[in-house]
Amino acid sequence: MKKAYVFIIAIMLPLLSWGQAQINTKKMKINDFTQKVTKVVLSGNEFMDSALQNEVAAIWRVSPYEFCTHEEFTSLMTSDEYYFLLITYGQFKKESKASIQFLSLLKGGAEAQKGLDEMLEVVSIPFASAQNPSGREIVFLPALLNIVQDFTLTAMEKDAVGYGGLSSYVSRLSPDESTNIVFSEYDLCFDVGADARQMYFNDRIFSVPEEAADQYLLENADNTVVSYVVTPSIPVPGAYCYKMLINTTDNRLHYFKRHKITKKVGPGFLVDDLSIIHNAAEK
């Protein structure tokens with residue numbers, strides 16, 4: 001009986017080992033990120049490339065990096081020796097062309113032979129309208145780069161974040177009475193009227209003109225989070241609007257949601273968003 005038991009164990013061990021070898025989670029796939037070179041892909045847009053080069057040089061801290069052209073990216077994308085930071089474009093089902101730009105971190109590999117969509121996506125954060133960027137994305141570029149870096153380091157430790165994406169990465173809003181939550185007026189949906197403002201705005205939660213909101217971020221204001229919305233320049237029904245609240249000091253992401261644009265629901269923070277944010281901040 002003992003010999004039979006040992007024999008069964010001997011048969012099972014290779015099977016167990018084979019099963020374990022198949023477990024290759026996302027955090028395992030990206031665990032070499034800090035050791036590999038991140039290729040920062042330039043778009044060919046002189047203004048955008050200049051901003052990207054300046055901000056990456058000032059902020060990127062988690063891996064060695066090099067800048068490359070799109071042609072170089074195309075030739076290197078099938079190599080798993082590189083990660084790639086680049087602007088990608090998102091197109092929704094009912095749209096005739098891409099409407100949103102994303103700041104994406106992808107891992108190279110053989111899958112890239114089938115196209116960009118088959119590459120391992122570490123993270124993609126909404127960046128700007130694809131057709132008519134407002135210029136506000138340049139103000140938020142340093143913060144978004146920091147979010148990409150911090151998200152990736154967290155995803156290397158937690159599969160729940162790697163698979164869950166940015167919505168699983170957000171830090172809860174603090175009920176600290178000294179924290180201000182500042183919305184750009186342009187980031188509010190048209191349905192946010194006087195009643196909603198009276199109910200959810202106060203001396204800590206308020207809206208200001210866009211330039212004033214951006215100034216909080218540019219000055220790294222203490223105890224402040226500021227809104228950032230990315231939406232198509234022509235928000236047709238079926239497209240999506242992305243809403244974020246970003247800490248102006250350490251660039252933590254405190255809120256990340258998207259909603260589908262319809263004939264009745266426009267882009268921007270909705271009344272429901274304000275209710276969630278108000279409740280979280282006031283607890």
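Everything discussed here concerns the structure shown above.
The shown structure was predicted, so the numbers you read here are calculated from the model rather than taken from an experiment. (Residues numbered from 1 in each chain as written. Predicted model: local features only at pLDDT ≥ 70, side-chain atom pairs only at ≥ 80, totals over all residues. Heavy atoms only, no water.)

A word on unusual backbone geometry
Here is step 1 of the chain: The phi dihedral of Asn220 is positive, around 50 degrees, even though this residue is not glycine.
Here is step 2 of the chain: Here Asn220 falls in the partly exposed class, since its relative accessible area comes to 43%.
Here is step 3 of the chain: Notably, Asn251 is not glycine yet its phi reads approximately 65 degrees, a positive angle.
Here is step 4 of the chain: Positionally, Asn251 belongs in the loop between β9 (240–247) and β10 (253–260).
Here is step 5 of the chain: Given a relative accessible area of 9%, Asn251 falls into the buried group. (Buried < 20%, exposed > 50% of the residue type's maximum accessible area, 1.4 Å probe, protein only. Helix = DSSP H or I, 4+ residues; strand = E, 2+ residues; numbered from the N terminus.)

Let's talk about the packing of aromatic side chains
Here is step 1 of the chain: Overall, the coordinates contain 11 aromatic pairs when judged by the stated rule.
Here is step 2 of the chain: Seen from their ring centres, Tyr82 and Phe84 are 6.2 Å apart, and the 45 degrees between their planes marks the pair as tilted.
Here is step 3 of the chain: On the basis of relative accessible area, Phe84 is assigned to the buried category, the value being 0%.
Here is step 4 of the chain: Plain terms: the ring middles of Phe102 and Tyr242 are 5.7 Å apart, the flat faces sit at 85 degrees to each other, and that makes the pair edge-to-face. Separated by 140 residues along the polypeptide, Phe102 in strand β4 (residues 100–107) and Tyr242 in strand β9 bring together distant segments of the chain. Of the two residues examined, Phe102 and Tyr242, each falls in the buried class.
Here is step 5 of the chain: By way of ring pairs, the aromatic residues Phe183, Phe201, Tyr255 and Phe269 are connected into one cluster.
Here is step 6 of the chain: The lysine or arginine in question, Arg258, covers the ring of Tyr240, its NZ or CZ lying 3.8 Å from the ring centre. (Phe/Tyr/Trp six-rings, centres within 6.5 Å; stacked < 30°, edge-to-face > 60°. Lys NZ or Arg CZ within 6 Å of the ring centre and 35° of its normal.)

Observations regarding the packing of helix α3 (residues 46–59) against helix α5 (residues 136–155)
Here is step 1 of the chain: Their axes nearest at 10 Å, the elements α3 and α5 cross at an angle of 45 degrees. Considering the angle they form, α3 stands oblique to α5. The interaxial crossing formed by α3 with α5 has right-handed handedness. Taking contact as the criterion, the partners of Phe47, Met48, Ala51, Leu52, Glu55, Val56 and Ile59 in α3 are, on α5, Ile138, Leu141, Pro142, Leu145, Asn146 and Gln149.
Here is step 2 of the chain: Partitioned by chemical class, the residues of the contact of α3 with α5 number 10 nonpolar, 2 polar and 1 charged. (Axes fitted to C-alpha atoms, helices over the stretch in contact; angles between N-to-C directions. Parallel < 35°, antiparallel > 145°, perpendicular 65-115°, else oblique. Left-handed = near helix turned anticlockwise from the far one by under 90°. Contact = heavy atoms within 4.5 Å. Nonpolar A, V, L, I, M, F, W, Y, C, P; charged D, E, K, R; others polar.)

A closer look at the side chain of Asp187
Here is step 1 of the chain: Within the element layout of this structure, Asp187 appears in the loop between β6 (180–184) and α7 (194–200).
Here is step 2 of the chain: Taking relative accessible area as the criterion, Asp187 reaches 3% and is therefore assigned buried.
Here is step 3 of the chain: Apart from residues no more than four positions distant in its own chain, Asp187 is found in contact with Arg136, Ser227, Tyr228, Val229, Gly268 and Phe269.

Regarding α5
Here is step 1 of the chain: Helix length check: α5 (20 residues) gives 28 Å between terminal C-alpha atoms against 28 Å at 1.5 Å per residue, within 8%.
Here is step 2 of the chain: α5 sits mainly inside the fold: 15 of its 20 residues count as buried. (Expected span 1.5 Å × (residues − 1).)

Focus: the nonpolar core
Here is step 1 of the chain: Core analysis: the largest hydrophobic core is formed by 71 residues, its most contacted members being Leu103, Leu144 and Phe183.
Here is step 2 of the chain: In terms of residue count, α5 provides more of this core than any other element does, 9 residues in total. (Core = buried A, V, L, I, M, F, W, Y, C linked by side-chain atoms within 4.5 Å.)

Remarks on the layout of surface pockets
Here is step 1 of the chain: Each pocket or cavity is described by its volume, and for the largest pocket that value is around 330 Å³.
Here is step 2 of the chain: As for the largest pocket, its lining consists of 20 residues, of which Ser134, Asp187, Val229, Val230 and Thr231 are closest to the centre.
Here is step 3 of the chain: The class makeup of the residues in the lining of the largest pocket is 10 nonpolar, 6 polar and 4 charged.
Here is step 4 of the chain: For the second largest pocket, the full set of lining residues is Thr88, Tyr89, Gly90, Phe102, Ser104, Leu106, Leu116, Asp117, Met119, Glu121 and Ser124.
Here is step 5 of the chain: Elements with a minimum of two residues in the lining of the second largest pocket: β3 (82–90), β4 and β5 (120–129).
Here is step 6 of the chain: Class assignment of the residues belonging to the lining of the second largest pocket gives a composition of 5 nonpolar, 4 polar and 2 charged. (1 Å grid on protein atoms, 1.4 Å probe; cavity = no way out; pocket = protein on both sides within 12 Å on 5 of 7 lines; lining within 4 Å. Points joined across faces, edges and corners; volume = space filled by probe spheres on them.)

A closer look at the pairing of strand β8 (residues 224–230)
Here is step 1 of the chain: Taken across its 7 residues, β8 has 7 buried, putting it largely inside the fold.
Here is step 2 of the chain: Where burial is concerned, the two faces of β8 agree: the one with Thr224, Val226, Tyr228 and Val230 and the one with Val225, Ser227 and Val229 are both buried.
Here is step 3 of the chain: Across 3 bridges, β6 lies against β8 in parallel orientation. In the strand pairing of β8, Asn180 is matched with Thr224.
Here is step 4 of the chain: Two elements, β8 and β9, share 6 bridges in a ladder whose sense is antiparallel. Pairing of Val226 across the sheet is with Ile246, part of β9. (Pairing = 2+ DSSP bridges.)

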